[in-house]
Structures are given as C-alpha cells and as structure tokens.
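Each chain, letter by letter, is given below.
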Amino acid sequence: MRRFLFMMMTASLLTAASAQAQQANGKFHYSDERFADLQMLRYEVKDFDQLTLKQKTFIYYLQLAAMQGRDILFDQNGKYNLRIRYTLEKIYTDYQGDRTSAEFKALEVYLKRVWFSNGIHHHYGCEKFVPGFSEDFFRKAALSVGAGKYLKDICPVIFNPNLMQKRVNLAEGQDLVLTSASNYYDGVTQAEAEKFYGDMKDLSDPHPVMYGMNSRLVKDKKGKIVEKKWTSSTLYGPAIKQIVKYLQLARPYAEDAEQQAVIDKLVEFYNNGDLHTFDDYTILWAKNTKPLVDFVNCFTECYGDPLGLKCSWESIVNFKDLEATKRTQTLSENAQWFEDHSPVDARFKKDKVKGISAKVITAAILGGDLYPSTAIGINLPNSDWVRKEHGSKSVTIGNLTEAYNQAAKGNGFSDEFVIGKAEKDLMDKYADLTDDLHTDLHECLGHGSGKLLDGVDPDSLKAYGSTIEEARADLFGLYYLADPKMQELGLTPNGEAYKAQYYSYMMNGLMTQLVRINLGNNIEEAHMRNRALIAYWCYEKGKADRVVELVKIDGKTYVKVNDYVKLRELFGKLLAEIQRIKSEGDFKAAQALVETYAVKINPELHKEVLERYEKLNLAPYKGFINPVYTAVKDAKGNITDVKLSYTEGYAEQMLRYSRDYSTLPLINE
Ligand code: ZN
C-alpha cells in the first residue's frame, strides 16, 4: 500500500518560506522543468557520503537492478506503449525538419508525458492523452527518420479517441477488463477472469497466495484461458534476467546473511514464478529490519488492474534516515507518558500503550511504478495474512517529502495566503520541523492512543468513522506539539515553534485546502473533512474570545490567529470530545460534528480561494528526476567509490534509460 502526496499535499504547499530564504539555503535545486500539468523535481540523497563503501556498492548494484524493469511497466500499462515510445523517441532525436514548429513542440510535450506516465494514459486520471500534433505530421516525421515500421499498429491507438480510452476503467456496469487499456488481460472478459480466479481460490486456506499477481491472463489458440507468467524464462524473461543479474551482483554486499537470503528467495521467485515462493520472500523481507540499506524490486501494487489482482513492477532502493528515525523512536519510547497526560477522560485511556516506531528512509533511486511519480510512504507486504502473522514495514520517505517542501518554497503560495510577516517568519523558521513532528505524532502515537469501551462495535461510526479517526490522530498531534514535553525531549527548539504548525493548520483547514476541490462540490475525502472539522469547530468555539479570525484585507480573506494558547485549549477540548465519541461509538454526535463543520463549503470563500490559487499557476502533479550513480574503479575493476550527481536533465535521463535499459522487445506476446 502506498501513501500518496495527496494526503500531504496541503502540508507541503503550506510549508511557506520566502523566495529569499530559497536563495539563501538553496544550494540544491529541487525544482526542474515544467510541462503540461507536470512539475519535475529532484531529491537529494542526503548522507550518502556517510555510508561505508560496502553499503554504497550494494546500493550501486541495486539501483542498476531497479533500472531493468522499466520496459515491463511500459508494457503492463498498455500493449502498444513500447512501440509508441520507440517511434516518438526516434523522431525526437533524429528529426531533420523544423524542430521549432508547433507540431514538433507538441510532439515533444506528448513524449515527455508518455515518459512520465510510462505509457499513453495519464498517470493519475488514467485518461488517454490527446496529441497536439496531426496524424499526417506524425506519419511523415516517423517515415523521415526510418521509424515507420509500427505506424499501422500505433496510429489508431494514438489518434482515435475511442480506442483504449482509459488505462484503468472502474465505471460501474461496464466490462472493466475489456474497457481497460492496461495489458493484464488479452481476449478475456471480466466474467471469465473472475471465474478463472474464483475457481482457484480455496476459502478455507488461512494462507492464500495472491492469485494472478504475476501473469497476463489470455486465451490460447484453442480458446482455453491460461496464464502467461512473468518469469526469467517466460513473458518478460529478457528484462527479468537482467534484474536477476544485478541482484546477484549486489548480493555479496548485502548487510547480513538474512538479507542475502531475501535476495536468494526473490531470485528464486523471479525464476520459478511460484506464488508460495513469493510469500516466503515477503516474509523474509518483512523480518529483515536490521540493515541500513533496504529495497523493493518486484511486482508489487495492483492499482493498475481494474480487478486488483495483477501487480505492476516497481523498485525503490533506500537507507534509514537515522536522525529522523531517532525522532520517531523518542516518541515511541515515551508513548505511555503521552497517553497518561492527554486531555481525554481517564475511562477512554489505554493502561498500556505501545507506540509505533515508523522508519524514516532516504530514497536512493526510484524505478518502475514509483518513477517519476512516486509515493511518500509505503507499507508492505500487501498480503493480509503475511502482515498479520509476520508483520510489515511502514516507511516514510523523508527526502521526497523534503523535496516537495523545498520546491514549494518561493512558489508564491505563502505570499498569497499567509496574512503577515510575523506568520511568514514563523513558518520559514519552523514549518518544516513542526510539519514532520505533527506527522510523527499523528502516526506513531495518535492512531494508537485511546480505547473503546467494552462492548462498543468498532464500526459504529460507519461512514463518519475515518474522518473521526483522522481528526483524533491530528488533534493528538496538535495538542502535544505545544507541550513543554516536546522541548524536554529535545524535539522542538523552543516554546514558539509550534505556532508555525498551528497557523498553517488553521489556514489550510479554513481556506487553502479548498484549492483541491472543484467549485460547487462538497468536501468528501476523510483527511480533508478532518481538517475542516477541526479548523471550523475551533473557529466557531473561539469566536467569543476572538481566538481565530477570518479578516479581509483589500478584498482578500486571511486567517488570523490571535491567541495560540487558547487555540491549544480548544484542540484539547475537541480531542476529549472526539475520543469520547469514538470510545462510546456515539454515531449521532459523530454525524452532527462532521455534517456541521466538515462537509459544506462557503461558496464565496471557495471561489475567492480558487481564483487566487489559479493566478499562481502551479502544476498540480509532480514527479522526480533520479540522481546518477557512477562507480569509480581501480585498475583491477574493483569498485573503490560510488559518486552521485544531480545534473542530468529530464529528457536526457529518459533517453539514456531507453538506450541502456531497453530490456524487452517492442512486442511482448
Ligand atoms: Zn492518519
């Protein structure tokens, strides 16, 4: 499972700082080029220099293994993607005509989008791209560079809007398999696919494998439905052989024997395609928590299959961020203190509470379905019984969050929405820190605190349950951010840092999160409802004391926090009430809170916020350019060091990947 930027979007947008601050500490360039609805960013692999040569070498080979599956994902995302990419790239590099013409420029943007999506459909919305160039231009250009071989196959796919409209179609009432363009099924209907896997399932098996996760389901010549497995000797074999080769080169540099066993099991699975081997591999992987360096490299997530069975290929190589992990450990170790001192009624507190020590990691490379668009948190493995019986790893990818935050600085957002210099200064100084801390408190302590009274059904809040649960975790974090205990534990530098988070939280909940909602719509998503609930409840309850105000300056609305101490008291009060609702399963109270504060939007304010945001002209989607790793070798060919660079451009990187890591033929049947 992945935690997406969507959850954190507002937080990162709100990490405000001025353009001057960006220049002052902006040695690393987080933002790169922008096209269509996309902004390219870079992430810094901090403290790579601190690793041992063995660890660096391990990462070096693992990142090469992470490159080898790129073509698999292109092919998984659509039958014609590799042929289309090949033809577009050939035109892009070799075209001798007017490269400044509108049609050529449109082709360039189209190709950049295809690279970004690993195919011809939008990475998020799944709709097919509309080319801004004509079929006539495309055909002539392809022929002029000797790349006309696949025009017959790919022109209809690119130019006919009725063909392969959506990569993943989830619209009810249609045959989801036949109407989805992703390449996980061929000639098979939804009913046939469901029957095929339904028949395989043994409901009495307490340890069911993830049926269908590593194959394409097709009809053979006689019309029989069969799986074409993805293994080193079958479909996608050439790519998988390369992956295996680099995993084996990495193996001697693994950090312990258990990690070597993880690699061995993974290689075994790539070779035999047996789903029991896959489960064995994920169990070994989940238990292997000691090494600093870790990686994912396999068929992993099933968001690309409308039936949720087939897993797309992805890879990430990473190492623990020891500083940040210390932070979450400190919170975890003090979990009982926080539970005992929270403002909720003693009846709803846990006698014994255990904090979750979420690991913060530094991404070293992103590959497959994690590149260029990526998650900021990952929780694996996905098999329910493996998670229950053997545990899972939950990670936050610190340097990606940091890159989002840094890139948002100086984008004009805070200048537009933050009321004054004092607030901006506060956020410049402390927002990165308090934002991370709030997330840590939310994840490590908030969700785990409190208890249900005996006999209360955990599902009694029904549709309001997740909003209430998110509000509970957020309030726990907000309340404690301002607690002297945080300074005592060395987590905040002083007694005013928390104000940065208080201000940005209120501004977000009252106003700026509305930028993600279309005019006329209500707030639907649980995290957004939770933020509106907290912000509007505190705004209303603090009105008499003018704790928080919405003020108008030159026709623009701003949030003004007049009394941070009282605001904290309000957070505490609401936390107590929300915990009561949860502990008692008080559906009516949950419903009243959410419906009163968290669903409806003031249309005038909404319109104003959208108009102000629109003027900032920010790209709604972001993705990352990878760093480049170079091995330094001695005369005998031994690696003596691994160097990192961040200067490769987006197109340059994509063309290099296509040149060096084209591990599959263009047609994979
Ligand atoms: Zn949460």
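Residues numbered from 1 in each chain as written. Predicted model: local features only at pLDDT ≥ 70, side-chain atom pairs only at ≥ 80, totals over all residues. Heavy atoms only, no water.

Chemist: Sorry, what's going on with the nonpolar core here?
Modeler: Soluble globular proteins tend to bury their nonpolar side chains together. Grouped together as the largest cluster of nonpolar side chains are 126 residues, with contacts concentrated most on Phe138, Leu247, Tyr270 and Phe299. Per-element tally for this core: the top contributor is helix α3 (residues 53–67), with 9 residues. Ignoring sequence-local partners within four residues, the contact set of Tyr270 consists of Thr231, Ser232, Ile240, Ile243, Val244, Leu247, Asn297, Cys298, Phe299 and Trp313. Judged by nonpolar contacts, the second largest core, of 78 residues, contains Ile419, Ala497, Trp537 and Val561. (Core = buried A, V, L, I, M, F, W, Y, C linked by side-chain atoms within 4.5 Å. Buried < 20%, exposed > 50% of the residue type's maximum accessible area, 1.4 Å probe, protein only. Helix = DSSP H or I, 4+ residues; strand = E, 2+ residues; numbered from the N terminus. Contact = heavy atoms within 4.5 Å.)

Chemist: Just checking my understanding: could you explain the sheet that holds strand β6 (residues 225–229) for this structure?
Modeler: Neighbouring strands of a sheet are bound in pairs by backbone hydrogen bonds; such pairs are parallel or else antiparallel. The sheet built from 3 strands is open, its strands ordered β4-β5-β6 with mixed pairing. If you trace the sheet from one side to the other, it starts and ends with β4 (185–186) and β6, each paired once. Pairing of β4 with strand β5 (residues 215–219), which is carried by 2 bridges, proceeds in the parallel orientation. Looking across to β5, one finds that Tyr185 is bridged to Leu217. (Pairing = 2+ DSSP bridges.)

Chemist: What am I meant to see in the environment of Phe116 here?
Modeler: In this structure, Phe116 sits in helix α6 (residues 102–117). By relative accessible area, which is 1% here, Phe116 ends up buried. On a C-alpha basis, the gap between Phe116 and Leu461 in space is 40 Å, while along the polypeptide they are 345 residues apart. Residues contacting Phe116, with those up to four places away along its chain left out, are Leu38, Met40, His123, Pro372, Ser373, Lys622, Gly623 and Tyr650.

Chemist: Any chance you could explain empty space enclosed by the protein here in plain terms?
Modeler: Gaps left between atoms are located by rolling a probe of water-molecule size over the structure's atoms. Under the definition given, this model contains 7 cavities of 30 Å³ or more. Of the volumes computed, that of the largest cavity is approximately 150 Å³. The wall of the largest cavity is formed by 14 residues, among which Phe278, Thr282, Thr300, Leu380 and Pro381 lie closest to the centre. Secondary-structure elements contributing two or more residues to the lining of the largest cavity are α13 (275–287) and β7 (293–301). Here the residues of the lining of the largest cavity sort into 9 nonpolar, 4 polar and 1 charged. Quantified by volume, the second largest cavity comes out at close to 100 Å³. Around the second largest cavity sit Trp285, Asp294, Phe295, Val296, Ile316, Asn318, Lys359, Ile361, Ile378, Leu380, Lys393 and Val395, which together line it. (1 Å grid on protein atoms, 1.4 Å probe; cavity = no way out; pocket = protein on both sides within 12 Å on 5 of 7 lines; lining within 4 Å. Points joined across faces, edges and corners; volume = space filled by probe spheres on them. Nonpolar A, V, L, I, M, F, W, Y, C, P; charged D, E, K, R; others polar.)

Chemist: I tried to follow the coordination of the zinc ion on my own but got confused; where do I start?
Modeler: The expected angle between donors at a tetrahedral four-coordinate metal is 109.5 degrees. At an octahedral six-coordinate metal it is 90 or 180 degrees. Looking at the metal site, the zinc ion is ligated by His442 (NE2), His447 (NE2) and Glu470 (OE), spaced 2.1 to 2.2 Å from it. Written as a sequence motif, the donor residues of the zinc ion are H-x4-H-x22-E. Residue classification places His442 among the buried positions, given a relative accessible area of 7%. (Donors = N, O, S within 2.8 Å, 3.2 Å for Na, K, Ca; no water.)

Chemist: Looking at this model, I keep getting lost on the pattern of salt bridges. Mind explaining?
Modeler: Pairing between side chains becomes possible if they bear opposite charge and their charged atoms approach one another. All chains considered together, the criterion is met by 47 salt bridges. The partner of Glu89 in a salt bridge is Arg85, with the nearest N and O atoms 3.8 Å apart. Linking Glu89 with Arg85, this pair stays in helix α5 (residues 81–94), spanning 4 residues, or about one helical turn. Where Glu108 meets Lys105, a salt bridge forms, and the shortest distance between an N and an O atom there is 3.7 Å. In this pair, Glu108 and Lys105 are both assigned in helix α6, 3 residues apart and thus about one turn of the helix distant. Judged by relative accessible area, Glu108 falls into the buried class, the value being 15%. Since its relative accessible area comes to 42%, Lys105 is described here as partly exposed. In the salt-bridge network here, residues are joined through shared partners; they are Asp345, Arg347, Glu577, Arg580, Glu584 and Asp586. (Salt bridge = Lys/Arg side-chain N within 4 Å of Asp/Glu carboxyl O.)

Chemist: Which parts of the structure should I look at to understand the packing of helix α12 (residues 257–272) against α13?
Modeler: When two helices pack together, their arrangement is given by the angle between their axes and by how far apart the axes lie. One way to put it is that α12 packs onto α13 with a least axis distance of 9 Å and a crossing angle of 160 degrees. With respect to α13, the element α12 is oriented roughly antiparallel. The crossing of α12 and α13 is left-handed. Contacts between α12 and α13 involve Ala261, Val262, Lys265, Leu266, Glu268, Phe269 and Asn272 from the former and Leu275, Thr277, Phe278, Asp280, Tyr281, Leu284 and Trp285 from the latter. Partitioning the contact of α12 with α13 into residue classes produces 9 nonpolar, 2 polar and 3 charged. (Axes fitted to C-alpha atoms, helices over the stretch in contact; angles between N-to-C directions. Parallel < 35°, antiparallel > 145°, perpendicular 65-115°, else oblique. Left-handed = near helix turned anticlockwise from the far one by under 90°.)

Chemist: Which parts of the structure should I look at to understand the sheet that holds strand β2 (residues 31–35)?
Modeler: Overall, mixed pairing links the 3 strands, which are arranged β2-β3-β14 in an open sheet. Sheet topology places β2 and β14 (621–625) at the edges, where each strand pairs with a single neighbour. Each strand axis lies, on average, 25 degrees off the axis of its neighbour in the sheet, ignoring direction. Both strand β3 (residues 38–42) and β14 contribute to a ladder of 5 bridges, which runs parallel. Among the inter-strand pairings, Leu38 is bridged to a residue of β14, identified as Tyr621. Sitting on the sheet, α6 touches β2, β3 and β14, and the angle it makes with β2 is about 120 degrees.

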